Structure formats: structure tokens, C-alpha cells
Amino acid sequence: MLNFEFYNPTRNLFGKGSLEKLHDLMENYGQNILFLYGGGSIKRNGIFDKVMEQLRDKNVIEMGGVESNPTLDTLRRCIARCREEKADMVLGVGGGSVMDSAKMVAAGAVYDGDVWDFLANHDQLPQKALPVATVVTMVGTGSEVNQNFVLTNPQTCEKVGKNGGDACFPQFAICDPEYTYTVGPYQTASGAFDTIAHVFEHYFAEADQYMPIQDGMQEAIIRAVITELPRVLEEPDHYEARANLMWAAQQALFGIADMGKGHGERVEHKMEHILSAKYNCAHGAGLAVVVPPFRRYMCKLQPKKYRQFAENVFHLDCTSLSDYEAGIKGIEALEAFIHSVGLPTTLRELGASGPDDVEFLASELVKQGRVTKGTGIGYNELKEMYASVY
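Presented here is an overview of the structure given in this document. (Residues numbered from 1 in each chain as written. Predicted model: local features only at pLDDT ≥ 70, side-chain atom pairs only at ≥ 80, totals over all residues. Heavy atoms only, no water.)

### Re the overall build of the chain
From N to C terminus, the chain includes 16 helices and 8 strands. Relative to a compact globule of 390 residues, whose C-alpha radius of gyration would be 21 Å, the chain shows 20 Å and is just as compact. C-alpha atoms of the chain, sized along the principal axes, occupy 65 × 45 × 45 Å. Looking at the chain as a whole, 57% of its 390 residues qualify as buried. Pairs at least 24 apart in sequence give 77% of the contacts found in the chain among residues at least 6 apart. Within the structure as shown, the chain displays about 16200 Å² of accessible surface, and the carbon and sulfur contribution to it stands at 48%. (Helix = DSSP H or I, 4+ residues; strand = E, 2+ residues; numbered from the N terminus. Rg over C-alpha atoms; globule rule 2.2 N^0.38 Å. Buried < 20%, exposed > 50% of the residue type's maximum accessible area, 1.4 Å probe, protein only. Contact = heavy atoms within 4.5 Å. Areas by Shrake-Rupley, 256 points an atom, 1.4 Å probe, with all protein chains shown as cover.)

Following this line, the structure appears as C-alpha cells:
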């Protein structure tokens with residue numbers, strides 16, 4: 001087990017009626033509140049009005065239109081508005097994109113440079129930020145309870161994720177599973193698969209170390225998604241299933257489950273980020289396409305860990321199989337699950353228009369330096385993996 005320091009100061013208010021506590025929670029965060037949200041679904045489903053009622057004593061600066069893959073231009077506009085209105089706090093109401101954006105706006109508003117500096121420079125962290133709070137309406141990223149954010153620069157076809165450091169933890173998160181009832185099946189499945197991918201990157205990171213607590217927690221998170229997602233797709237207002245998906249997403253990136261493990265190289269996320277940047281696809285849907293070929297490649301290098309995955313997550317009988325054969329059987333079970341919940345399995349389903357796209361994705365990812373030499377993965381390996389799911 002690696003040395004670690006665990007820190008997460010976000011207050012998590014989970015369950016039915018938790019939004020009713022927002023009014024009192026906001027008491028100590030100033031008068032001017034930047035209210036950030038996405039495409040407007042919260043106005044159609046009534047969540048917007050409920051939040052506004054809780055903010056009745058505040059000066060609310062409304063800022064909608066955050067995309068599903070937030071762009072640099074959008075963030076710059078939000079930051080400018082935040083500064084102009086002298087916001088005291090940023091409240092993000094939505095899914096991962098909105099909550100990520102709330103953190104970036106909060107950090108960018110008190111930074112003298114451009115917000116892209118934090119994404120372009122791996123070592124540069126925000127030293128301070130306005131207070132941030134979140135109200136979750138779509139699950140998957142766990143952004144409500146961590147310090148991470150992701151931003152897209154369409155001009156350079158870059159989508160970059162970042163651990164924002166201590167300054168970017170939300171002060172509190174309002175997490176009512178009922179507020180996710182109206183999320184459609186495709187977006188629900190996409191968010192749920194994002195949860196699985198988050199777990200993978202830690203679960204397989206230290207394959208040779210004996211860490212039964214972390215492994216057990218991570219396997220339980222994956223099993224919960226595999227069990228609960230089909231229940232939600234069949235019955236969208238199933239409270240317990242929605243709650244379990246929300247909790248799984250938070251635990252995947254809350255920190256506890258991966259303490260003592262390495263962070264891996266996050267290759268599958270990097271392979272997907274360029275898909276989102278180029279095709280503007282749902283993040284989890286893109287992951288559903290690239291995770292299986294990447295894991296097939298890695299199974300050759302870490303077969304014992306993949307056998308553990310097959311046996312402990314899918315409960316497959318691998319008695320007569322080699323570690324590699326067992327691992328592939330587990331990946332095949334994962335592919336069957338992806339298909340069963342209606343997620344895409346090819347680049348064409350995401351928007352790829354020809355074989356040239358495979359060449360572009362592999363070469364551009366290497367050009368951007370998103371895959372480090374430590375992985376053993378370069379242009380040829382990326383091209384082969386992308387081509388296998390074209």
C-alpha cells in the first residue's frame with residue numbers, strides 16, 4: 001500500500017428533501033450568488049424554481065447555457081460575469097459539466113490570468129477560489145464531492161481534466177436522488193459507465209499489491225452500477241436504485257476507495273476526452289467505446305488482476321482458465337453489459353465518418369502529449385485500439 005493523506009472537506013447532504021436545507025446553508029456565504037446551470041432542463045422539471053425559493057434572500061445572478069462538454073469560451077464568459085457582478089459564491093445546479101464549471105469559474109474569478117492556465121500547466125493549481133456549492137441533477141462524475149474539473153478547448157481539439165487542489169472542493173453538496181428521475185436512459189447509462197471507468201483507473205493501478213479493503217470497495221461500486229442501472233432503466237423513478245447509482249458515483253471519486261493506490265495513467269479517459277472534443281459526444285458513452293479495447297490491451301500485462309475482476313465483479317467461473325483467459329472473459333461480460341444498457345460500442349456511433357478519423361485520434365493524442373511514455377502506449381497501440389472499435 002502506498003503512503004497517503006486523505007482530505008475531503010465537502011459537506012454531503014444526501015437524500016429526499018435535502019434541498020430544503022439550502023436556504024440555511026447559504027446564510028454565511030455572502031449576498032451575491034452566481035447560479036450556474038446547463039441547457040434549461042431544470043426550468044422544465046421544476047428544480048430551478050425550487051432552488052430560487054431557497055435563494056429568496058439572495059441577489060441571484062443567473063447564468064445558464066453550460067454545455068455538456070464545457071468550452072473555454074463559455075467559462076471565460078461566466079468568469080467575466082462573475083467578476084462584473086462581484087459574486088460572493090458560485091452555485092452549480094446540474095450534472096458533472098455544470099459542477100466542474102462552477103469550480104473553474106470560482107477559481108478563475110479570483111485569478112489574474114486565464115483559466116486555461118490551470119489546464120495547460122500540469123503543476124499549476126488554483127491557490128484560492130470563491131466558495132462553491134452544488135445541487136446534483138445527474139450522476140456519474142462525483143464532481144459534487146471532489147476537487148476535479150474538465151474543460152474543452154474546441155480550437156485545439158483538447159479536453160483536459162485536472163485535480164484543482166484544496167481550493168476547489170465544494171463547501172457542500174445537495175444530493176437528492178429524486179432530482180435525477182427525469183434524466184433520460186442514454187444519459188443515465190452514460191453517467192453510470194463513467195462511474196465504472198473512474199473505478200477502473202484506480203482498481204488496476206497497483207495490480208501487484210495486496211489491498212483487500214480498497215479492492216473490495218471498488219468491486220462493490222462496480223457491482224452496484226451493474227445491478228442498479230438496469231433497474232433504473234426499467235423504472236426511472238425507482239428511488240433506491242437512483243440513490244445507489246448516485247452514491248456509487250460519489251464513492252468512485254470521493255477518495256477513500258482509492259487511498260493507498262496509484263492513479264494510473266488515466267489512458268482510457270484521455271482516449272475518450274479527444275472523442276468528446278471532436279464529436280461532442282457524451283463522456284460516458286465515449287468511454288463505453290474505448291474502455292474495452294484498452295482493457296484488452298492491459299489484460300496481457302496484468303492478467304491476474306483481470307482474473308480477480310472477472311471472478312469478484314461478474315462472479316464468473318474461471319476454474320479451468322488461465323489468468324489471461326479469465327480476464328478476457330470478464331471484459332467480454334463488461335462488453336455485454338455495455339450493449340445491454342444501450343450504450344455505443346463503435347466510433348461510428350459517436351460521429352466518426354471514416355477510417356481517417358482513427359489516424360487523427362491516435363496522432364492527435366500523441367501530439368498533445370496526453371499519453372505518457374510510462375504506459376508503453378504510443379501511436380501504433382492507440383491506432384490499433386481505435387481501429388478495433390471503428
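### Points about the nonpolar core
Membership of the largest hydrophobic core comes to 73 residues, with the highest contact counts inside it found for F193, M271, L275, L347, L382 and Y386. Counting residues in hydrophobic clusters, the runner-up holds 29 residues, among them I61, I79, A102 and A107. (Core = buried A, V, L, I, M, F, W, Y, C linked by side-chain atoms within 4.5 Å.)

### Digging into the environment of E206
Among the structural elements, E206 can be located in the loop between α7 (185-203) and α8 (212-234). E206 sits 99 residues away from K305 along the chain, and the two C-alpha atoms are 9.3 Å apart. Beyond its immediate stretch of four places on either side in the chain, E206 contacts L2, M211, K261 and G262.

### A closer look at the sheet that holds strand β1 (residues 11-14)
Reading across from one edge, β1-β8-β5-β4-β2-β3 is the order of the 6 strands in this open sheet, with parallel pairing throughout. Two strands lie at the open edges of the sheet, namely β1 and β3 (59-63), each paired on one side alone. The sheet shows a mean angle of 20 degrees between the axes of neighbouring strands, taken without regard to direction. When strand β2 (residues 32-36) meets strand β4 (residues 89-94), the two strands line up parallel, connected through 4 bridges. By the bridge assignment, F35 is partnered in β4 with L91. Against the sheet, helix α4 (residues 72-84) touches β2, β3 and β4, its axis set at about 165 degrees to β3. Across the sheet, helix α5 (residues 96-108) lies against β2, β4 and β5 (132-136), angled at about 165 degrees from β4, the strand it touches most. (Pairing = 2+ DSSP bridges. Axes fitted to C-alpha atoms, helices over the stretch in contact; angles between N-to-C directions.)

### Here we look at the pattern of salt bridges
Evaluation of the coordinates by the stated rule reveals 13 salt bridges. Residue D323 is joined to R307 by a salt bridge in which the shortest nitrogen-to-oxygen separation is 3.1 Å. In this pair, D323 is assigned in helix α13 (residues 323-340) and R307 in helix α12 (residues 303-313), connecting sequence segments 16 residues apart. Residue class for R307 comes out buried when judged on its relative accessible area of 14%. In this structure, a network of salt bridges that share partners links the residues D73, R76 and D114. (Salt bridge = Lys/Arg side-chain N within 4 Å of Asp/Glu carboxyl O.)

### Describing the state of the cysteines
In this structure the tally under the stated criterion is 0 disulfides. Unpaired in terms of disulfides, C157 finds its nearest cysteine sulfur in C281, a separation of 11 Å. Judged by its relative accessible area of 12%, C157 is buried. The thiol sulfur of C318 is not disulfide-bonded, and the nearest other cysteine sulfur, from C299, lies at 10 Å. (Disulfide = S-S within 2.5 Å.)

### Description of α13
With 18 residues, α13 extends 26 Å between its outermost C-alpha atoms, agreeing within 8% with the 26 Å of an ideal straight helix rising 1.5 Å per residue. For α13, the full list of buried residues reads A326, G327, I328, G330, I331, A333, L334, F337 and I338. Summarising the contacts, the buried residues of α13 are in contact with α7, α8, α11 (283-299) and α12. Positive backbone phi, approximately 80 degrees, marks G342, located one or two places after α13. (Expected span 1.5 Å × (residues − 1).)

### Side note on the side chain of D194
Structurally, D194 is set in helix α7. For D194, the side chain forms a polar contact with the side chain of H283, separated by 3.3 Å. Here D194 is in contact with G140, T141, H269, H283, G284 and L287, once residues within four sequence places are set aside. (Polar contact = N/O pair within 3.5 Å; in protein donor to acceptor, adjacent residues only side chain to side chain.)

### Structural notes on the environment of G330
In this fold, G330 is placed in helix α13. Those residues in contact with G330, other than ones at most four positions away along the chain, are F309, A310, F314 and L316.

Function cannot be inferred from these measures alone, as they are strictly geometric.
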